[in-house]
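Below, each chain spelled out in residue letters.
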Amino acid sequence: MAEEFRSLCDRYVKVLSGNTTTISTISDLYGEEHMGEAEKKTCIDVALRRVALYKAQMSIDSVRDYVEVCFKASLAGLCSTNTPFFVLADTFDCLTLDKCQQLFSYVEEKSPQFSQEPPGNRNIVLRLCNDLIRRCSKSINTLFCGRIQIILAKIFPFSERSGLNLQSQFNLHNVTEYSEKQTEDIVDADSTEVTFLFYQTLWSMQDFFRNPNQISSDAQWKKMEDNVKEICRIFENYKHEGSTKISTNEAYFAKFLTSERLLTLQISDANFRRHILVQILTLFQYLISDVKFKPNKLVCILPYIVFYFCLALLPCFICLSIWQGSFGTENCRNKCDLVPSH
């Protein structure tokens, strides 16, 4: 029986390894009366995966056509439902990274269909994507890594455990470096409050965003509270020039430069202000949310969080909305005094 199975698989591989593999070719093999339905389907499963190794040496268009035929065979019941996904994963394993990027467009086209597949088939796609990410360079293949992450977000729901931070871990290595000692004068003809002290206050908040659990300390909570108050006060009273429209075709980096000379330009930019305020809101959301591994002391500060949002952050957001809203830039004042100060 084993010899018959092996010889049948070899014959299937020889037939399917031709220049063109169509659904009719697979259907003809399936219709031959050699053994039972389950055995024939198993032979075709093995043959399709073996032929994928040969097809991977051909052009990307030929590879796409072959994978598409495998999916059609699965829909027709000529092979197992997970065989096309194994064929796709095996093909990616055989290709260079450059060719993988070309073939990945097929996965992007199939993402609506993949999102409706059973968990077992989607897990094959997950392993495929994770293997690709491990092969990518973080500094060279950033665009391809982003494409992979977008596809995973489309295929899997937000509740998928493999994409959740179940233990509330933070990236403690994401350290924002800024000047600890003043090396240059911060010159601003419009305000004497934008000093090196405010520069340190602004960028020291990044450490709280990096590791919010340190706020459970009374001293750190007091420091964070004073910093938020000072930032909101400066944002309310310092002029800003609206936001610069960024083309979707341009590269955008969320990591801002921390040079002292750029401080006055940065706090004049509405995009920069919104970036900082959203980070503060994200921090507050974590503090008031029900997180299993959060220090118990942070659970008791919910009233303070709501209070500071209403009296400090909300006026700043309203001010930015008015600046870019229906009033238009020309009708807005240079000072953020459109909202009553708290």
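What counts and what doesn't
- Along every chain, residues carry numbers that run from 1 in the direction the sequence is written.
- Local features are withheld for residues below a pLDDT of 70 in this predicted model, meaning they are given only at 70 or higher, and side-chain atom pairs are given and counted only at 80 or more; totals for whole chains, interfaces and linings count all residues.
- Excluding hydrogens and water, the side-chain values take into account all heavy atoms of the structure.
- Helix numbering and strand numbering both begin at the N terminus, where a helix is a DSSP run of H or I of at least 4 residues and a strand a DSSP run of E of at least 2.
- Categorising residues by exposure relies on relative accessible area from a 1.4 Å probe, with only protein chains included: less than 20% of the type maximum marks a residue as buried, more than 50% marks it as exposed, and the intermediate range marks it as partly exposed.
- With residues, only the protein chains shown are counted as cover, and all accessible areas are computed by Shrake-Rupley using a 1.4 Å probe.
- Take the buried Ala, Val, Leu, Ile, Met, Phe, Trp, Tyr and Cys residues and link them wherever side-chain atoms come within 4.5 Å; each set so joined is a nonpolar core.
- The contact criterion used throughout is that any non-hydrogen atoms of two residues lie within 4.5 Å.
- Polar contacts here mean pairs of N or O atoms no more than 3.5 Å apart (in protein, one a potential hydrogen donor and the other a potential acceptor; neighbouring residues in sequence count only if both atoms are side-chain atoms).
- To estimate the expected span of a helix, count its residues, drop one, and scale the result by 1.5 Å.
- To get the bend at a residue, fit one axis to the 7 residues ending there and another to the 7 starting there, then take the angle between the axes.
- To define axes, lines are fitted to C-alpha atoms, for helices over the stretch in contact only, and angles between the resulting N-to-C directions are given on a 0 to 180 degree scale.
- Under this scheme an angle from 65 to 115 degrees is roughly perpendicular, one under 35 degrees roughly parallel, and one over 145 degrees roughly antiparallel; angles in between are oblique.
- Here a crossing is called left-handed whenever its near helix is offset anticlockwise from the far helix by less than a right angle, and right-handed whenever the offset is clockwise.
- When residues are sorted by character, Ala, Val, Leu, Ile, Met, Phe, Trp, Tyr, Cys and Pro go into the nonpolar class, Asp, Glu, Lys and Arg into the charged class, and all the rest, Gly among them, into the polar class.

What to know about the overall build of the protein chain
Part 1: The secondary structure content of the protein chain amounts to 13 helices and zero strands.
Part 2: Counting from the amino terminus, the protein chain carries its helices and strands in the arrangement α-α-α-α-α-α-α-α-α-α-α-α-α.
Part 3: The burial tally for the protein chain puts 42% of its 342 residues in the buried class.
Part 4: Put simply, the protein chain shows about 19,500 Å² of open surface, and 54% of that area lies on carbon and sulfur atoms.

Quick look at the nonpolar core
Part 1: Among the nonpolar cores identified, the biggest contains 51 residues, and Ile26, Leu48, Leu88, Phe92, Phe104, Phe114 and Leu132 are the most heavily contacted of them.
Part 2: Those elements that place two or more of their residues in this core are α1 (2-16), α2 (23-31), α3 (37-55), α4 (60-75), α5 (83-94), α6 (97-114), α7 (119-135) and α8 (142-155).
Part 3: Of the residues forming this core, the biggest block, eight residues, is contributed by α4.
Part 4: Non-local contacts of Leu132, meaning those with residues more than four positions away in its chain, are made with Phe92, Cys100, Phe104, Phe144 and Ile148.
Part 5: Counting residues in each nonpolar core, the second largest holds 30 residues, with Phe208, Trp221, Tyr238 and Leu277 among its members.

Some points on the side chain of Ser204
Part 1: Relative to the helices and strands, Ser204 is located in helix α9 (residues 196-210).
Part 2: Residue Ser204 is classed as buried on the basis of its relative accessible area of 7%.
Part 3: From its side chain, Ser204 meets the backbone oxygen of Thr201 in a polar contact 2.9 Å long.
Part 4: Ignoring anything within four residues of it in the chain, the contact list for Ser204 reads Tyr178, Lys223 and Asn227.

Some remarks on α6
Part 1: Under the 1.5 Å per step criterion, the end-to-end length of α6 is only 22 Å for 18 residues, more than 12% shorter than the ideal 26 Å.
Part 2: For α6, the principal kink sits at Glu108 and spans about 30°; a proline, Pro112, occurs within the next four residues.
Part 3: Within α6, the full set of buried residues consists of Leu97, Cys100, Leu103, Phe104, Tyr106, Val107, Lys110, Ser111 and Phe114.
Part 4: The inward-facing, buried residues of α6 abut α4, α5, α7 and α8.

With respect to the side chain of Asn141
Part 1: For Asn141, the position within the fold is in the loop between α7 and α8.
Part 2: Setting aside anything within four residues of it in sequence, one finds Asn141 in contact with Leu97, Gln101 and Cys136.

A closer look at the packing of α5 against α6
Part 1: One can describe the packing of α5 onto α6 by two numbers: an axis separation of 11 Å at closest approach and a directional angle of 160°. Classified by the angle between their axes, α5 and α6 sit roughly antiparallel to one another. Of the two elements, α5 crosses α6, and the hand of that crossing is left-handed. Contacts from Phe85, Leu88, Thr91 and Phe92 in α5 reach Cys100, Leu103, Phe104, Tyr106, Val107 and Phe114 in α6.
Part 2: Across the contact of α5 with α6, the residue classes tally to nine nonpolar, one polar and no charged.

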